[in-house]
Amino acid sequence: LLCPSPCVARLVQGQMEGREDGVSKVYVARVRGRFPACSGDGEGGRECAFKVPEEHGAYASWRWKTEIGCAEVDAPVETVDPANGLRAVTEKGKPSRSRFRFVSHDEGTNTSIVACYPMTGRGHQLRVHLQYLGHPIHNDTQYGGDVERDEALARRNASVQALIQSSAGSPGLDPLRRFGGDSAIVSQKDAEMAQDLCYCCHGGVDGILKAFSTAQLLEGGHAIDLHALRYRLRFKRKLKKRKAIDAESGLSEEVKELLADVEFSTAMPMWASEVEDLKISWLE
């Protein structure tokens, strides 16, 4: 989210770092296998349950939220490898809760489109929770996902071509000097030396592959099929009055007034382009 001023940025940041009801997020993911879509004994003989690791049974769980049509995961997430940023479900992890709703399934690739709703904001939370449910995100090799080699090569080739096009100068005009004209502070000699050293300028595809890592070229599981679809920010203010919860005990809670409800959305990713955007709704 890009904010027009530091004041607005602080306001938005406060909402995103504050209470769970301050911000709502919807992600869309492509995951391995047929993601369960119901809470009964099955649809057409299909079992509607998740096969989760038994070793997490004492501190992690999932359940159906039939009233809103989703599965809810309550599993603590811990950073187990800080150097590589790797997280996992562990007993010592921070409390983490996510909800998932089935959207569609592709028989040809045996992958499902799933709407994801993080209720807490831990790093890699959705990725770890989907791995816990046995449906890791497609192309997410860090958490058990499968990589489609043809897709990875296509992304790499697209990245390479974009770099070649951006580094190509106009005919007869040095790329490092073309924006400066006669007043350019880079001499022609220095520009030529820099161009000779640049893998992108003279090395072509081989030069770019040598200069950039697979992560920078979005290859090898670094471009996972998880997409931030919508954010909704709710700005509220506390009122002086309180609402009674229990008359006998005298318990009460703060009353808040909704000042603004702001929503930000993006287009569906290419791998989910056939899914109608209306199918990805908020969980109310």
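Residues numbered from 1 in each chain as written. Predicted model: local features only at pLDDT ≥ 70, side-chain atom pairs only at ≥ 80, totals over all residues. Heavy atoms only, no water.

S.K.: Even after reading the chapter, I still don't get the overall build of the protein chain, so can you show me in this structure?
M.R.: The secondary structure content of the protein chain amounts to six helices and nine strands. The proportion of buried residues among the 284 residues of the protein chain is 35%. If you take every contact in the protein chain between residues at least 6 apart in sequence, the share linking residues at least 24 apart comes to 60%. About 17100 Å² of surface is accessible on the protein chain, with carbon and sulfur atoms providing 51% of the total. (Helix = DSSP H or I, 4+ residues; strand = E, 2+ residues; numbered from the N terminus. Buried < 20%, exposed > 50% of the residue type's maximum accessible area, 1.4 Å probe, protein only. Contact = heavy atoms within 4.5 Å. Areas by Shrake-Rupley, 256 points an atom, 1.4 Å probe, with all protein chains shown as cover.)

S.K.: Would you mind going over a nonpolar patch on the surface with me for this structure?
M.R.: Judged by side-chain polarity, Leu1, Met16, Val262 and Phe264 come together as a nonpolar surface patch covering roughly 310 Å² of accessible area. Looking at the element boundaries, phenylalanine 264 is found in strand 9 (residues 251-265). For phenylalanine 264, a relative accessible area of 34% puts it in the partly exposed group. (Patch = residues over 30% accessible without salt bridge, like charges linked within 9 Å, V, L, I, M, F, W, Y side chains within 5 Å. Salt bridge = Lys/Arg side-chain N within 4 Å of Asp/Glu carboxyl O.)

S.K.: Looking at this model, I keep getting lost on the packing of aromatic side chains. Mind explaining?
M.R.: Two descriptors summarise a pair of aromatic rings, namely the distance from one centre to the other and the angle between the planes of the rings. Summed over the entire model, instances satisfying the criterion amount to six aromatic pairs. Judged by centre distance (5.7 Å) and plane angle (85°), the ring pair of tryptophan 62 and tryptophan 64 falls under edge-to-face. By the ring-pair criterion, three or more aromatic residues cluster together here, those being Phe35, Phe50, Trp62, Trp64 and Phe100. Taking the ring centre of tryptophan 282 as reference, the NZ or CZ of arginine 232 above it sits at 4.3 Å. (Phe/Tyr/Trp six-rings, centres within 6.5 Å; stacked < 30°, edge-to-face > 60°. Lys NZ or Arg CZ within 6 Å of the ring centre and 35° of its normal.)

S.K.: Looking at this structure, I do not really get helix 2 (residues 125-132). What am I missing?
M.R.: A turn of α-helix holds 3.6 residues, and therefore any two residues three or four places apart point the same way. With seven of its eight residues buried, helix 2 lies for the most part within the structure. Residues of helix 2 that are buried include every one of Gln125, Leu126, Arg127, Val128, His129, Leu130 and Tyr132, and no others. Just beyond helix 2, the residue with positive phi is glycine 134, at close to 90°.

S.K.: Would you mind going over the pattern of salt bridges with me for this structure?
M.R.: It is possible for side chains bearing opposite charge to pair when their charged atoms get close. With the rule as written, the count across this model stands at seven salt bridges. Note that arginine 97 is salt-bridged to glutamate 72, the shortest N-O span being 3.5 Å. With arginine 97 in strand 6 (residues 97-106) and glutamate 72 in strand 3 (residues 70-74), this residue pair connects regions lying 25 residues apart in the sequence. The partner of arginine 230 in a salt bridge is glutamate 263, and the shortest N-O contact between them spans 3.7 Å. Of the two residues, arginine 230 is situated in strand 8 (residues 226-246) and glutamate 263 in strand 9; the sequence distance between them amounts to 33 residues. By relative accessible area, which is 9% here, arginine 230 ends up buried. Counted as one network, the salt bridges with shared partners bring together Arg63, Glu72, Arg97 and Arg99.

S.K.: Help me understand the pairing of strand 4 (residues 77-81), please; the structure alone is not making it clear to me.
M.R.: A regular strand places its side chains so that they alternate between the two faces of the sheet. Here strand 4 pairs with strand 5 (residues 86-89) via four bridges, running antiparallel. Across the sheet, the residue bridging to aspartate 81 is leucine 86, located in strand 5. Hairpin connection of strand 4 to strand 5: four residues between the antiparallel strands, including glycine 85 at a positive phi of 70°. (Pairing = 2+ DSSP bridges.)

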